[in-house]
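Inside the fold
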Amino acid sequence: AQTVTQSQPEMSVQEAETVTLSCTYDTSESDYYLFWYKQPPSRQMILVIRQEAYKQQNATENRFSVNFQKAAKSFSLKISDSQLGDAAMYFCAYRSYGSGTYKYIFGTGTRLKVLA
Amino acid sequence: DAGVTQSPTHLIKTRGQQVTLRCSPKSGHDTVSWYQQALGQGPQFIFQYYEEEERQRGNFPDRFSGHQFPNYSSELNVNALLLGDSALYLCASSFGGAGANVLTFGAGSRLTVL
């Protein structure tokens, strides 16, 4: 069974600085998807970025980028030029590629605090 | 364009009671998934509905059941409530075709069982 581990329960970053959130996963599959979701106090989970395992190029979305290391089963999220609005819980998630399995497996989350 | 809407936002029940939570998917989406998020934890997959059928189920007891209607909206029912059922219940919709099925989440229904 696949597992997702986020070993940093809480992180802090100064406004305008850069922070990296860690995520590791365990799987025997070769094709899968990885995601980072943000959950602000409003509770609604918002997709930040996604990565297809078959793509070697790391995904980027504006100030958000990932460092995907397939062999190490690592998927970290880098937030550049941090803003107060980035403060939230961040969840790493895994989804198998093949048909017949549709569930997302989430980590336990990292709470990000942004200091003014 | 309305996103995923859930109701009610908060509710309080007592042990042994039954609860029904409702979800309307994002326009254009035909698949609904339900997740349970306990306090301080990540969401856990309950089940997914597609074409009015349960397509996949997580490790939840039969007390948890669901339904999907022809308009793609969905309900989550929980019978014989336990204290441990207290959680945020998240509904997520997606397009059921092949691909990443990127989930769009609602704001959740906070259930407290006393």
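For the structure itself, look to the data block above.
Residues numbered from 1 in each chain as written. Chains lettered and ligands numbered in written order. Predicted model: local features only at pLDDT ≥ 70, side-chain atom pairs only at ≥ 80, totals over all residues. Heavy atoms only, no water.

1. Some thoughts on the interface of chain B and chain A
How big an interface is tends to be expressed through the accessible area that disappears when the partners come together. Across the boundary between the two partners, chain B contributes 25 residues, which contact 20 residues of chain A. Across the interface of chain B and chain A, roughly 1900 Å² is buried in total on both sides, 51% from carbon and sulfur atoms. In this structure, the connection of chain B to chain A is made through 0 salt bridges. Across the chain B-chain A interface, the total number found is 12 residue pairs in polar contact (both at pLDDT 80 or more). (Contact = heavy atoms within 4.5 Å. Buried area = accessible area lost by both parts, 1.4 Å probe. Salt bridge = Lys/Arg side-chain N within 4 Å of Asp/Glu carboxyl O. Polar contact = N/O pair within 3.5 Å; in protein donor to acceptor, adjacent residues only side chain to side chain.)

2. Quick look at the pattern of salt bridges
Taken as a whole and judged by the stated rule, the model has 8 salt bridges over all chains. One salt bridge in this structure joins B:Asp85 and B:Arg63, with 2.8 Å as the shortest N-O distance. With a gap of 22 residues between them, B:Asp85 in the loop between strand E8 (74-78) and strand E9 (87-94) and B:Arg63 in the loop between strand E6 (53-57) and strand E7 (64-68) connect regions that are remote in the sequence. One exposure class covers both B:Asp85 and B:Arg63, and it is buried. Beyond isolated ion pairs, a larger network of salt bridges with shared partners links A:Arg50, A:Glu52 and A:Lys55. (Helix = DSSP H or I, 4+ residues; strand = E, 2+ residues; numbered from the N terminus. Buried < 20%, exposed > 50% of the residue type's maximum accessible area, 1.4 Å probe, protein only.)

3. Brief notes about the side chain of A:Ser76
As for its position among the elements, A:Ser76 is in strand E9 (residues 74-79). In this structure, A:Ser76 is in contact with A:Thr20, A:Leu21, A:Ser22, A:Cys23, A:Trp36, A:Ser65, A:Val66 and A:Asn67, ignoring residues within four places of it in sequence.

4. Looking at the environment of B:Ala2
Mapped onto the fold, B:Ala2 is located in the segment before strand E1 (5-7). Leaving out residues up to four positions away in the same chain, B:Ala2 has contacts with B:Lys26 and B:Ser27.

5. Thoughts on the packing of aromatic side chains
According to the stated counting rule, one finds 21 aromatic pairs over all chains in the structure shown. With a centroid separation of 5.3 Å and an interplanar angle of 65 degrees, the aromatic rings of A:Tyr25 and A:Tyr32 are classed as edge-to-face. A:Tyr25 gets classed as buried once you look at its relative accessible area, which sits at 5%. Between B:Tyr35 and B:Phe45, the aromatic rings sit 5.5 Å apart at their centres with planes inclined by 65 degrees, giving edge-to-face as the arrangement. In this pair, B:Tyr35 sits in strand E4 (residues 31-37) while B:Phe45 sits in strand E5 (residues 44-50), placing the two residues 10 residues apart along the sequence. On the accessibility criterion, B:Tyr35 (0% relative accessible area) is buried. Within the aromatic cluster, the residues linked to one another by ring pairs are A:Tyr33, A:Phe35, A:Tyr37, A:Tyr54, A:Phe91, A:Tyr97, A:Tyr104, A:Phe106, B:Tyr35, B:Phe45 and B:Phe105. (Phe/Tyr/Trp six-rings, centres within 6.5 Å; stacked < 30°, edge-to-face > 60°.)

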